[in-house]
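Geometric and topological summary
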Amino acid sequence: MGKCVLAPMVRTGELPTRLLSLKYGADAVWVGPEIVDKGIIGCTRVINTSYNTIDFIKGIKQPGKADERLVFRTHPALEKEKLIFQIGTADPKLAVEGAHIVVKDVAGIDVNAGCPKHFSIHSGMGAALLKNPDNLIAILTALVEEVGKPNNVPISVKIRILDTHEETLNLVRRLCATGIARLTVHCRTTPMRPREPAIRDQLADIVKVCHEARVQCYANGDVESRAHAEKLIEEFGVDGCMIARAAETNPSCFRAEGILPWREVAEEFLKTALHCGHYVSNTKFCLSHLIPGKNPLYARVVQSKSLEALCSVLDVPYTPVVEVVKDEMPTRNVSKAATKAQKVSETVKAASGSGTRVRTGKKKLSERGVTPTAIPTADILPEQQLTAAATL
């Protein structure tokens, strides 16, 4: 049977959602949102022994301050073999440089060629690559030859359907010829919004082209559950399906046994967020999607100012692994290395990953329980399972 995986999603697809989706049966998880090449380039790879995570941190130079930004965090013991890193890029050289930094800690590298949002397309990334197929092919070819083959890691791409059936098939043929291992097609055109039904009448032909080139084909768009994914796999012959909005609402949609009550899932999400050191603003955002808007708990969650307050609302024991640092919104800390001559915009949010601020003062990393390592080829310390209190 084909795979059922978590799609890359802006703000929602960070570490707690990925870990919870895997716990509920997802076969793989995509890093979300995409992390732009310039956002990951220049990061320091840090082994965080407090959370058993690998952190990619970028320093922020501000007068009188010693701040760092957490761009990307992964839990190798729980997700490494099923984690696909989606990169936002419009440049083959930057794509390769960025991918080299994380390739040892993920199971695959995926290029975002389907995001229709302004923060992505205005820089030539995302769905803008569909209008510049030569550049997209150059990016994929470079990644396959310089990152994928040397590291034995699959390279993949996520696209949308084009205006005509023939245009889509021609593009798919060219992409498959680059040596990619997987192509995911979002069954909507670039102008289409999520409220518009997915278009699947081209899917069978896309699958045929992919399989002729020995490339896997995944489908995305209006997939509601594992049971629904299995029906689509059988009907269209795809190798897997991505779930996005349904997982945002309730990640237990990956369960073969069916969806769990929202309250149980919300509590598990909050426990997971605590155990992996997630920041409060994004925890609140994700919980606001899990809790029905008309439920009294929704307003209390939205009004909460700390993880401790969120735990009180949901009757979850407040057991932080380390002292929780008051976070700032991701847009507060912008690295000049992330982009050149660029105004503060949504692009910076995408480029900076989760954007969690790590306030260090004058303390060294070693004093905070983390060990910096060289990138991108530093060895990973022996992976440790979480303690019984933190086991998911």
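See above for the structure.
Criteria and thresholds
- Per chain, residue numbering runs from 1 following the sequence as it is written.
- It should be noted that, the model being predicted, local features are given only for residues of pLDDT at least 70 and side-chain atom pairs only at 80 or more, the latter also being counted only at that level, while totals for whole chains, interfaces and linings use all residues.
- Water and hydrogen atoms play no part in the side-chain values, which are based on all heavy atoms of the structure.
- Put simply, DSSP H or I for four residues or longer makes a helix, DSSP E for two residues or longer makes a strand, and each gets a number counted from the N terminus.
- Nitrogen and oxygen atoms within 3.5 Å of one another constitute a polar contact, given that in protein one can donate a hydrogen and the other can accept it, and given that sequence-neighbouring residues count only through two side-chain atoms.
- In this description, contact between two residues means that some pair of their heavy atoms is separated by no more than 4.5 Å.
- The length a helix should cover is 1.5 Å for every residue beyond the first.
- With a 1.4 Å probe rolled over the protein chains alone, any residue whose accessible area is under 20% of its type maximum counts as buried; one over 50% counts as exposed, and the rest are partly exposed.
- The pairing criterion for strands is at least two bridges between them, as found by DSSP.
- Crossover handedness is defined by viewing with both strands directed away from the observer: a clockwise path from the first strand over the helix to the second marks the crossover as right-handed.
- Nine residue types can take part in a nonpolar core, namely buried Ala, Val, Leu, Ile, Met, Phe, Trp, Tyr and Cys, and a core is a set of them joined through side-chain atoms within 4.5 Å.
- Every case where a carboxyl oxygen of Asp or Glu lies within 4 Å of a side-chain nitrogen of Lys or Arg is listed as a salt bridge.

Attention shifts here to the side chain of Ser-304. Residue position: Ser-304 is located in the loop between helix H13 (296-303) and helix H14 (307-314). Within the structure, Ser-304 has its side chain in polar contact with the backbone oxygen of Arg-300 (distance 2.8 Å). Filtering out sequence-adjacent residues up to four positions away, Ser-304 remains in contact with Lys-284, Ala-309, Leu-310 and Val-313.

This part covers helix H11 (residues 262-275). Counted at 1.5 Å a residue, the expected span for H11 with its 14 residues is 20 Å, and the 20 Å between its end C-alpha atoms agrees. When H11 is considered as a whole, its buried residues turn out to be Val-265, Ala-266, Glu-268, Phe-269, Leu-270, Thr-272, Ala-273, Leu-274 and His-275. Looking at the buried positions of H11, the neighbouring elements they touch are helix H1 (15-23), helix H12 (280-290) and H14. Where H11 ends, the next residue or the one after it, Gly-277, has phi of about 70°, a positive value.

A few words on the pairing of strand S8 (residues 108-113). With 6 of 6 residues buried, S8 lies mostly within the body of the structure. Pairing analysis gives 4 bridges linking strand S7 (residues 83-88) to S8, with the strands arranged parallel. When the sheet's bridge partners are listed, Phe-85 is paired in S8 with Ile-109. In this view, the connection linking S7 to its parallel neighbour S8 by way of helix H4 (residues 92-102) has right-handed handedness. Summarising the sheet, S8 and strand S9 (residues 155-160) pair through 5 bridges and their orientation is parallel.

The biggest cluster of nonpolar side chains holds 75 residues, and the ones touching the most others in it are Ile-40, Phe-72, Phe-85, Val-157, Ile-159, Leu-175 and Leu-183. By residue number, the principal contributor to this core is helix H6 (residues 133-151), which donates 8 residues. Within the second largest apolar cluster, 21 residues are counted, among which are Phe-269, Leu-270, Ile-291 and Val-316.

Moving on, we come to the environment of His-100. Considering the arrangement of structural elements, one finds His-100 in helix H4. Overall, His-100 belongs to the partly exposed group, its relative accessible area being 27%. Separated by 46 residues in the primary sequence, His-100 and Glu-146 place their C-alpha atoms 8.8 Å from one another.

This part takes up unusual backbone geometry. With omega at 0°, the peptide bond leading from Gly-32 into Pro-33 counts as cis. With respect to the secondary-structure elements, Pro-33 resides in the loop between strand S2 (28-30) and strand S3 (35-36). For Asn-52, which is not glycine, the phi torsion reads 60° and is therefore positive. Along the chain, Asn-52 falls in the loop between strand S4 (44-48) and strand S5 (53-62).

Applying the stated criterion across every chain yields a total of 14 salt bridges. Between Arg-73 and Asp-55 there is a salt bridge, with the nearest N and O atoms lying 2.7 Å from each other. Residue Arg-73 is found in strand S6 (residues 65-74), and its partner Asp-55 is found in strand S5; the two are separated by 18 residues along the sequence. When sorted by exposure, Arg-73 lands in the same class as Asp-55, which is buried.

Our focus in this paragraph is H12. Of all the 11 residues making up H12, 9 are buried; the element is thus mostly covered by neighbouring parts of the structure. When we look at burial in H12, the residues that qualify are Val-280, Ser-281, Asn-282, Thr-283, Lys-284, Cys-286, Leu-287, Ser-288 and Leu-290. Turning to H12, the residues buried within the fold contact H1, helix H10 (245-249), H11, H13 and H14.

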